[in-house]
Every structure is written in C-alpha cells, then in structure tokens.
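A look at the structure
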Amino acid sequence: MEIRVNPTRMEFNRLKGRLKMAQRGHKLLKDKRDELMRVFLELVRENKNLRTRVEAELSRSFANFLLASAVMSGETLEEAIMYPKAAVTLNMEKKNVMSVNVPKITFLQGEEQSSDAYPYGFANTSGELDSSIATLAEVLPSLVRLAELEKAVYLLADEIDKTRRRVNALEHVLVPQLKDTIKYISMKLDENERGALVRLMKIKDIVRGEDSA
Amino acid sequence: MSMYKVAVVGDKNSILGFKALGVTTYPVTDGDEAARALNTIVREKVAVVCITEAVAQQIMPQIGELNKKLLPAVVLIPNNQGTLGLGMKQIKKNAEKAIGADILFGKEGS
C-alpha cells in the first residue's frame, strides 16, 4: 500500500524526511518499551510475592478477629475499638517512570508502632483481639506498599500496551507505506526522465532529417 | 505536602479490626452501598482504598475507572471468609496485557 501523492520531486523529499522521522521515532519508542518492560517485570514479581504474603497475614488476622468476636460480646468489641488512638495519615509523591506518573506513598508519622496500637484497655477484652490488631498493624505498611505497587503495575501495563501499539503501527504500517510511496515516486520520476530523453532524441532526429533534406 | 487517608470498604465483620488502627472504615452490605461509599471516598483525600473482594466483585466497573487515575490506589483484600483470588487475577491480567503472555504464574512450581 502506498500513499496517494503527486509524484513530484518536492513530495519525494518531504516523504524522505518523514521516513527518517518515523524510523527515529520507532527506535526511540522501542527503547522506551524495553525499559518499561524491565521496570514492569521487577514490579510485577514483587507485587505477586507481596500479595501472597499480605493475603496470608490478613487471613490470620481475620481468623483471630473471628475468635475475638466469638469470645466477646458484640457491644464490648465495638466499644473497644470505637475510638482509635491515632488516624493513619499518608503522604503521596509522584514518581516518574519513563514518563508514567506513579504514586509513591509513605507513612507520614513514621512507622506504626505495633506494640501500643491498641486503643482500649486490656480489662474487658480478650487476647485474640490483641493479636488480631497486632497482626493488622503489622500488615498495614505492607498493605500500603501493595496498593502503591498495584497502582504502578496497572499504570505501567497500560503504558506498555500503548507503546507497543505505537511501535507496531510504525513498524508494520507507516514505515512500509512511506517506503513504498518513495519507491513509487522515484520510479515515476525516472520514467518521466526517460520519457523526456526519448522525446529529445526523437526531436533531434527530426531536426537532423530536415537539415539533410 | 499534603495528608492522605486510608479507607477500607467491606462487610462489617471483616473490616472492624481496621478501625482500631485509625483507618476510616465504610461498612457496606451490598453493591449499591459500596458504590455510594466509593463515591464519598473519591471526593475525600484518600490515597489507599482497601476493598474486600466479595464487595469489589459487585462494583468492578467503578473500580476499573479508579484504576486509571493516579489516586486513589485500590487494593483488593480477602474478607474473613478467605480469598477469592481476584487480586491475583488482576496481577495476572496486567502481566498478560503488558507482556502478551502470562509468564508469572505459568512457571509456578518449577
């Protein structure tokens, strides 16, 4: 397939410029894709491992919590955790990975101190609740990290997909198209040149014939 | 510098524990409530939203919208009945989308 153009020398030069540009863009995008892929693979591996760990720990915490809610009455349980000691606050920065903005989330006031995370006195509560809350407090930083990772993985996957489409479009559509068109124009120009040459020779013959007659 | 919060959405029994840590909890029972909770969350400064898989299942389109934005970051967590494997599936889907083939889970065990 070629683009329909007028086979002129000006068009020829313009297309050659475009081809060069397309090839350079293709190379750059390919590099971008490769680098994105490298980062992505690193992140997605970590993501998977972290998720496995977090899910296991959460299940443990839930199991303990279930025990706690079985041992304690619902009202006492709710009363115990009604007023948390401190609110969890996070800070978010943008990180730029190959022009993809990914969030970087950190805890604002240091790490959560798991030892005194309990917002209740120990008198009316059961031990299961303590261990449940302790595991939960431990898993919270991992959970935040997991959120950050999953967001990054999602955004990167999106960008890789987009970049790959662009690379393929350039490689399999635009570049061949431009090449074909350039070839078409150069053939057409050559043909015109030959036509002109033949015409000249013919005229020369005619002129010469008239002279000798 | 600005402060962001953590929010948890899920059935009451699963997420009650989070409340003790100072995380904002949104107990919901069905998809409609969850969707409403999510709308509230989006308007506030929340960086991380944890949603139990059972609830997330009912509001997948909305979560998909959020995933495209920078914030909030949505994490699927198991509820107290155990995991549904949705979170893992999401990772797998991302890997397939980016690489074209599933390379993470295929070679598990080897």
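Anything mentioned here points back to the structure above.
Rules of the game
Residues numbered from 1 in each chain as written. Chains lettered and ligands numbered in written order. Predicted model: local features only at pLDDT ≥ 70, side-chain atom pairs only at ≥ 80, totals over all residues. Helix = DSSP H or I, 4+ residues; strand = E, 2+ residues; numbered from the N terminus. Buried ≥ 20, exposed ≤ 12 C-beta atoms within 10 Å, placed from the backbone. Contact = placed C-beta atoms within 7 Å. Pairing = 2+ DSSP bridges. Expected span 1.5 Å × (residues − 1). Arc of directions from axis to C-beta. Core = buried A, V, L, I, M, F, W, Y, C linked by C-beta atoms within 7 Å. Axes fitted to C-alpha atoms, helices over the stretch in contact; angles between N-to-C directions. Parallel < 35°, antiparallel > 145°, perpendicular 65-115°, else oblique. Left-handed = near helix turned anticlockwise from the far one by under 90°. Right-handed = clockwise from strand over helix to strand, strands pointing away.

1. Comments concerning the overall build of chain A
Of regular secondary structure, chain A possesses three helices and two strands. Ordered by position from N to C terminus, the α and β elements of chain A give α-α-β-β-α. Across the 213 residues in chain A, those meeting the buried criterion constitute 29%. Across chain A, every contact between residues at least 6 apart in sequence was considered, and the portion connecting residues at least 24 apart equals 84%.

2. A short note on the overall build of chain B
Counting secondary structure elements, chain B contains five helices and four strands. Secondary structure elements of chain B, listed N to C terminal, follow the sequence β-α-β-α-β-α-α-β-α. Here chain B holds 110 residues, and 45% of them are scored as buried. For chain B, the proportion of contacts with a sequence separation of at least 24, taken over those separated by at least 6, is 59%.

3. So, the interface of chain B and chain A
Taken together, the contacts link 36 residues of chain B with 47 residues of chain A. Elements with a minimum of two residues in the side of chain B that touches chain A: β1 (4–10), α1 (12–19), β3 (46–52), β4 (73–77) and α5 (86–99) of chain B. Sort the elements by how many residues they give to the side of chain B that touches chain A and α5(B) lands first, with seven residues. With two bridges joining them, strand β1 (residues 89–97) of chain A and β1(B) adopt antiparallel strand pairing. When the bridges of β1(B) are listed, A:Thr89 appears paired with B:Lys5.

4. Some points on the pairing of β4(B)
Residue and element names in this part refer to chain B. Counting buried positions along β4 yields five of five residues, so the element is predominantly enclosed. A two-sided burial pattern is seen for β4, the buried positions comprising Ala73, Val75 and Ile77 on one face and Val74 and Leu76 on the other. In this sheet, β4 lies alongside β3 in parallel orientation, the contact comprising five bridges. Paired with Val49 across the strands is Val74, a residue of β4.

5. Description of helix α2 (residues 31–43) of chain B
Residues and elements named next belong to chain B. Taking 1.5 Å per residue, 13 residues should reach 18 Å; α2 reaches 19 Å between its end C-alpha atoms and fits that length. Along α2, the positions that sit buried rather than exposed are Ala34, Ala37, Leu38 and Ile41. All buried residues of α2 lie within an arc of 100° about the axis, which places them on one face of the element. Of the exposed residues in α2, those oriented more than 90 degrees away from the buried face are Asp32, Asn39 and Arg43. The inward-facing, buried residues of α2 abut β1, β2 (24–27), β3, α3 (53–56) and α4 (60–68).

6. What about the nonpolar core?
One finds A:Val153, A:Leu156, B:Val9, B:Val48 and B:Val75 to be the most contacted residues of the largest nonpolar core, which totals 68 residues. Here the element with the most residues in this core is helix α3 (residues 127–212) of chain A; it accounts for 18 residues.

7. Things to note about the packing of α3(A) against α5(B)
Closest axis-to-axis distance for the α3(A)/α5(B) pair is 8 Å, and the angle between their directions is 25°. Accordingly, the angle class assigned to the pair α3(A) and α5(B) is roughly parallel. As α3(A) runs across α5(B), the sense of the crossing is left-handed. On α5(B), the residues touching A:Val153, A:Tyr154, A:Leu156, A:Ala157, A:Ile160 and A:Asp161 of α3(A) are B:Ile91, B:Asn94, B:Lys97 and B:Ala98.

8. Focus: the pairing of β1(B)
Residues and elements named next belong to chain B. The buried fraction of β1 amounts to six of the seven residues, a majority that puts the element mostly inside the structure. In this structure, β1 lies alongside β3, joined through five bridges in parallel fashion. In the sheet register, Val6 faces β3, and the bridge partner there is Val48. Of the pairings in the sheet, the one linking β1 to β2 comprises four bridges and is parallel in character. Within β2, the position partnered with Val8 by the bridge is Thr25. Between the parallel pair β1 and β2, the chain is carried across by α1, and the sense of this crossover is right-handed.

9. Focus: α1(B)
Most of α1(B) sits out of view: six of its eight residues are buried. What α1(B) keeps buried is the set B:Ser14, B:Ile15, B:Leu16, B:Gly17, B:Phe18 and B:Lys19.

10. As for the packing of helix α1 (residues 9–71) of chain A against α5(B)
Two elements in contact, α1(A) and α5(B), have axes whose closest approach is 10 Å; the angle formed by their N-to-C orientations is 170°. When the axis of α1(A) is compared with that of α5(B), the two are roughly antiparallel. Read as a crossing pair, α1(A) and α5(B) show a hand that is left-handed. Touching A:Phe40, A:Val44, A:Asn47, A:Lys48 and A:Arg51 of α1(A) are B:Gly87, B:Met88, B:Ile91, B:Asn94, B:Ala95 and B:Ala98, all from α5(B).

Everything listed here is a matter of geometry and, on its own, says nothing about what the molecule does.
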